[in-house]
Amino acid sequence: MKTIKVNIVTPDGPVSETEADMVIAATEFGEIGVLPGHIAMVAPLQIGALRLKKGSSTVNVAVHGGFIEVRPDVVTVLAQSAELAENIDIARAQLAARRAEEALKAKQNDLEAQLAELHLRRAITRIKVYEMR
Ligand code: ATP
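Calculation criteria
Residues numbered from 1 in each chain as written. Predicted model: local features only at pLDDT ≥ 70, side-chain atom pairs only at ≥ 80, totals over all residues. Heavy atoms only, no water. UniProt positions renumbered as here; feature names shortened; annotations may be inferred. Phe/Tyr/Trp six-rings, centres within 6.5 Å; stacked < 30°, edge-to-face > 60°. Lys NZ or Arg CZ within 6 Å of the ring centre and 35° of its normal. Pairing = 2+ DSSP bridges. Helix = DSSP H or I, 4+ residues; strand = E, 2+ residues; numbered from the N terminus. Axes fitted to C-alpha atoms, helices over the stretch in contact; angles between N-to-C directions. Expected span 1.5 Å × (residues − 1). Buried < 20%, exposed > 50% of the residue type's maximum accessible area, 1.4 Å probe, protein only. Arc of directions from axis to C-beta. Contact = heavy atoms within 4.5 Å. Polar contact = N/O pair within 3.5 Å; in protein donor to acceptor, adjacent residues only side chain to side chain. Near = heavy atom within 4 Å. Areas by Shrake-Rupley, 256 points an atom, 1.4 Å probe, with all protein chains shown as cover.

By the naming in an unreviewed UniProt entry, the chain goes by ATP synthase epsilon chain and is assigned to Sporosarcina highlanderae. A UniProt comment under Subcellular location (unreviewed entry) is attached to the chain, and it reads "Cell membrane".

This is the structure:
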């Protein structure tokens, strides 16, 4: 069966270089499933889980925004930060979620509230992806 190459890259360096049968990503335009031979496209990503399906197993990755570039034989994900499920520090994510919730309750200005909401979404995504292991 044909596979598609997947590279996930952040400013800190590569997070994963692997092959998958199918890549499922949450783009700003909705969820997409990418199989080998997919037409070329670029889309902004939501903060959410990226799923790499290979055989009967799935590798889940928390991806915090950025872009997905699809070419027929390779998918590249460029994100500010991304973590494989196995590398997520769950205690840190839970603490980050609590801090972000408290910041949201503190009713600061709009910018601080937006930053806290993004922080909360990153933490929730990490917790969700950790639980999908
Ligand atoms: P925190 O408040 O815990 O730092 P954050 O959402 O502000 O969370 P980011 O700015 O998105 O963190 O990430 C900073 C760096 O720390 C990135 O390299 C990211 O992959 C890593 N990171 C953040 N949270 C976790 C976590 N829970 N487990 C593993 N790595 C994490």
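A full pass over the atoms with the stated rule returns zero aromatic pairs. Against the face of Tyr 130 rests Arg 133, its NZ or CZ located 3.7 Å from the ring centre.

Here we come to the pairing of strand β3 (residues 22–27). Where β3 and strand β6 (residues 47–54) come together, three bridges link them in antiparallel fashion. Among the inter-strand pairings, Met 22 is bridged to a residue of β6, identified as Lys 53. Relative to strand β4 (residues 30–34), β3 is paired through five bridges, and the arrangement is antiparallel. Bridge pairing links Thr 27 to Gly 30 in β4. As consecutive antiparallel partners, β3 and β4 are separated by two residues.

Right, let's get into the sheet that holds β4. The five strands are arranged β4-β3-β6-β7-β10 in an open sheet whose pairing can be described as antiparallel. A strand with exactly one partner marks an edge of an open sheet, and here the two such strands are β4 and β10 (82–84). Going across the sheet, the axis of each strand differs from the next one's by a mean of 20°, ignoring polarity.

Across its 16 residues, helix α1 (residues 90–105) extends 23 Å between first and last C-alpha, which sits within 8% of the 22 Å expected from 1.5 Å per residue. Those residues of α1 not exposed but buried are Ile 90, Ala 93, Ala 96, Ala 97 and Ala 100. Buried residues along α1 cover an arc of 120° about the axis, so they all sit on one side. Exposed positions of α1 whose direction lies more than 90 degrees from the buried face are Arg 92, Glu 102 and Lys 105. Close packing links the buried residues of α1 with α2 (110–131). Among the residues of α1, the N-terminal cap falls to Asp 89, whose side-chain oxygen and the backbone nitrogen of Ala 91 are separated by 3.2 Å. Lys 107 lies just past α1 and shows a positive phi near 50°.

Attention now moves to the site of the ligand. Looking at the ligand, there are 13 residues lining it, with Glu 83, Arg 99, His 119, Arg 122 and Arg 126 nearest. Here Arg 92 contributes a side-chain N or O atom positioned 2.9 Å from an oxygen atom of the ligand. Arg 99 places a side-chain nitrogen or oxygen 2.8 Å from an oxygen atom of the ligand. Within the complex, the protein chains bury 71% of what would otherwise be the 590 Å² of accessible surface of the ligand. Counting residues per element, the ones that place at least two in the shell around the ligand are α1 and α2.

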